[in-house]
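As a plain string of letters, each chain reads:
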Amino acid sequence: MSTAPDVATHVPALADPAHPAVGAATALLADYRPGERFLGTPTRTLLGQGVHSEVPHDERPLAARVAQTLTRARADGAASPVVVGAVPFDQSAPAALAVPQSLRDAPPLAADPLIALPAEAPGRADWRIRQVPAPEVYGASVAAAVERMWRGDFSKVVLARTLELDCAEPLDVPAMLQRLARRDPGGYTFALPTGPERTLIGASPELLVSRRGRHVVANPLAGSIPRSDDLAEDVRRAAALLQSAKDLHEHAVVVHAVHQALAPHCTDMTVPAKPTLIRTAAMWHLSTTVTGTLAGPGASALELACALHPTPAVCGTPTATARDVIRDSEPFDRGFFTGMVGWGDAAGDGEWVVTIRCAEAEPSSLRLYAGAGVVAASEPEAETAETAAKFRTFLAAVGAEL
């Protein structure tokens, strides 16, 4: 652990959003290099460089380990230390969280006019793509899960599949990040180291939970439909999603779980009766913004995130049964997919995001992940098509087609 007095881990106050610094956020995006920590959210853009201290892996709760790491960083000379990184789907597995040696802060990407400039198109590459599992195998897993639901074994499970991409040329991770950020600048864009020469990179639409002072916000998403390039058809699909009994039920299950997990920590909560819609470049999603006020100083943003994770939006319900179905159905380890990425400070404030629309990048390979919520009314063909549509976010960033 460094004891240098010039450790710069302060996150300064954000600029006035009505007068953002032109080019400040896109400059951080341009400066990112593999091994660094980039995170763009609707409230700020962060670029962490170097490592002041890493969060250890041991038997203590994750939030306690993070709090101790931040306390030690402050004692070590950091005025306002911040931890940035990723937590895996399995919270008992090692996380990839660290206090950067220096942390640069800017207003959100969406507030920077320069984000509207197009990213350089991906170059031509000979991608070799392998689907794991194959679509027909994935469809069979969905059908088997639906059959068990009709027997009353459980009510929902989220089943995922992956694409393994290999290329003879080395990957240009900063260029991928540029394309992801400029495609959906209002979302949550990230590139975070998760191992030697390994980067977790993606653009998630889903806030798990944020805390600022005593104000808490969660934005569960569940129930989705692919977008269309035809405007009339795109609007028709959005309207149909708002009326879909299957998707509304799936969404209600998730919102109820979020409410139940946050209620013990809050003195009051607001949960809208009906969902609204949000869109990404590839998908429409049912969305509900849940807000609350913490009781006293309350739990940190990370403690709240750990209490919420995994929601039925990424696992299923009942949780234990859904985990068993996932383990038996998916022929791969999810790793950081459907975990969470974000930042947290010593005061307990922070933002934690559901890790979806993502890939793990190595020097010449990518593993892409996508999942779909399976309920009793699900159809294997539709869920397979939904995962294919979700892959489009990342495939477009690398110039590949499924």
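Thresholds, definitions, all that
Residues numbered from 1 in each chain as written. Predicted model: local features only at pLDDT ≥ 70, side-chain atom pairs only at ≥ 80, totals over all residues. Heavy atoms only, no water. UniProt positions renumbered as here; feature names shortened; annotations may be inferred. Helix = DSSP H or I, 4+ residues; strand = E, 2+ residues; numbered from the N terminus. Buried < 20%, exposed > 50% of the residue type's maximum accessible area, 1.4 Å probe, protein only. Contact = heavy atoms within 4.5 Å. Areas by Shrake-Rupley, 256 points an atom, 1.4 Å probe, with all protein chains shown as cover. Lys, Arg positive; Asp, Glu negative; His and termini not counted. Charge placed at Lys NZ, Arg CZ, Asp CG, Glu CD. Pairing = 2+ DSSP bridges. Salt bridge = Lys/Arg side-chain N within 4 Å of Asp/Glu carboxyl O. Axes fitted to C-alpha atoms, helices over the stretch in contact; angles between N-to-C directions. Patch = residues over 30% accessible without salt bridge, like charges linked within 9 Å, V, L, I, M, F, W, Y side chains within 5 Å. 1 Å grid on protein atoms, 1.4 Å probe; cavity = no way out; pocket = protein on both sides within 12 Å on 5 of 7 lines; lining within 4 Å. Points joined across faces, edges and corners; volume = space filled by probe spheres on them. Nonpolar A, V, L, I, M, F, W, Y, C, P; charged D, E, K, R; others polar.

Per an unreviewed UniProt entry, the recorded name for the protein is isochorismate synthase, and the organism is Streptomyces silvensis. As stated in UniProt under Sequence similarities (unreviewed entry), the record for the protein gives "Belongs to the isochorismate synthase family." According to the UniProt record, the Catalytic activity (unreviewed entry) comment for the protein is "chorismate = isochorismate".

Visitor: Can you explain the overall build of the protein? Please cite residues and give values.
Guide: A count of helical and extended segments in the protein gives nine helices and 22 strands. For the protein, the C-alpha atoms occupy an extent of roughly 60 × 55 × 45 Å along the three principal directions. Looking at the protein as a whole, 53% of its 402 residues qualify as buried. A separation threshold of at least 6 residues defines the contact pool for the protein, and within that pool the share at least 24 residues apart is 75%. Total accessible area on the protein is roughly 16600 Å²; 54% of this is exposed by carbon and sulfur atoms. Averaged over its 35 positive side-chain charges, the protein has a centre that lies 2 Å from the centre of its 45 negative ones.

Visitor: Describe in detail the sheet that holds strand β11 (residues 207-212), supporting the description with residues and values.
Guide: Within a beta sheet, neighbouring strands are joined by backbone hydrogen bonds and run either parallel or antiparallel to one another. Here we have nine strands laid out as an open sheet, ordered β3-β5-β4-β19-β20-β11-β12-β17-β14, and antiparallel in their pairing. Unpaired on one side and paired on the other, β3 (53-54) and β14 (266-270) mark the two borders of the sheet. Relative to strand β5 (residues 96-99), β3 runs antiparallel, the two sharing two bridges. Counterpart to Glu-54 in the pairing with β5 is Ala-98.

Visitor: Go over the pattern of salt bridges, please, and point to the residues and values.
Guide: For the structure shown, the criterion picks out 21 salt bridges. For Glu-147, the salt bridge identified is with Arg-151, shortest N-O distance 3.7 Å. In this structure, Arg-211 engages Asp-349 in a salt bridge whose closest nitrogen and oxygen atoms are separated by 3.2 Å. In this pair, Arg-211 is assigned in strand β11 and Asp-349 in the loop between β19 (340-345) and β20 (350-354), connecting sequence segments 138 residues apart. The class of Asp-349 is buried, set by a relative accessible area of 17%. Several salt bridges share partner residues, and in doing so they unite Lys-156, Lys-246, Asp-247, Glu-250 and Glu-383 into one network.

Visitor: I'd like a description of the sheet that holds strand β15 (residues 276-279), backed by residues and values.
Guide: Across the sheet, which stays open at both edges, the three strands sit in the order β13-β16-β15 with antiparallel pairing between neighbours. Every other strand in the sheet has two partners, leaving β13 (221-226) and β15 as the edge strands with one partner each. Here the strands of the sheet are splayed against their neighbours by 30° on average, with no regard to which way each runs. Where β15 and strand β16 (residues 283-287) come together, four bridges link them in antiparallel fashion.

Visitor: With reference to specific residues and values, describe the pairing of β20.
Guide: Burial within β20 is extensive, with five of its five residues counted as buried. Every second residue of β20 is oriented toward a common face, with Gly-350, Trp-352 and Val-354 on one face and Glu-351 and Val-353 on the other, all of them buried. One ladder, built from four bridges, connects β11 with β20; its direction is antiparallel. Bridge pairing in β20 links Leu-207 to Val-353. One ladder, built from five bridges, connects β19 with β20; its direction is antiparallel. Among the inter-strand pairings, Gly-342 is bridged to a residue of β20, identified as Trp-352. Hairpin connection from β19 to β20: four residues lie between these consecutive antiparallel strands, with Gly-348 at a positive phi of about 100°.

Visitor: Tell me about a nonpolar patch on the surface, and please be specific about residues and values.
Guide: A contiguous nonpolar patch, built from Val-22, Leu-114 and Leu-117 and spanning about 270 Å² of accessible area, is present on the exposed surface. Take Leu-117: it is sitting in the loop between β6 (102-106) and β7 (128-132).

Visitor: Tell me about the side chain of Ser-204, and name the residues and values.
Guide: Structurally, Ser-204 can be placed in strand β10 (residues 198-204). Leaving out residues up to four positions away in the same chain, Ser-204 has contacts with Gly-187, Tyr-188, Phe-190, Val-353, Val-354 and Ile-356.

Visitor: Hey, could you go over the UniProt feature "domain: Chorismate-utilising enzyme C-terminal" (unreviewed entry) in the protein for me, with residue numbers and the actual values?
Guide: Per the UniProt annotation, the sites labelled "domain: Chorismate-utilising enzyme C-terminal" (unreviewed entry) are residues 136-390. Counting secondary structure, residues 136-390 comes out at 34% helix and 35% strand; the distance between its end C-alpha atoms is 17 Å.

Visitor: Any details on empty space enclosed by the protein? Residues and values, ideally.
Guide: Scanning the entire structure with this criterion turns up four cavities of 30 Å³ or more. In this structure, the largest cavity spans a volume of roughly 250 Å³. Secondary structure elements with two or more residues in the lining of the largest cavity: β8 (156-166), β13, α6 (245-262), β22 (365-374) and α9 (380-398). When residues of the lining of the largest cavity are assigned to their parent elements, the largest contribution, five residues, is made by β22. Of the residues contributing to the lining of the largest cavity, the split by class is eleven nonpolar, six polar and seven charged.

Visitor: Requested: an account of unusual backbone geometry, with residues and values cited.
Guide: Across the junction of Val-132 and Pro-133, the peptide omega takes the value -5°, indicating a cis bond. On the secondary structure map, Pro-133 appears in the loop between β7 and α3 (135-150). A cis amide bond links Thr-317 to the next residue, Pro-318, at an omega of -10°. Position of Pro-318 among the secondary structure elements: in the loop between β18 (316-317) and α8 (319-329).

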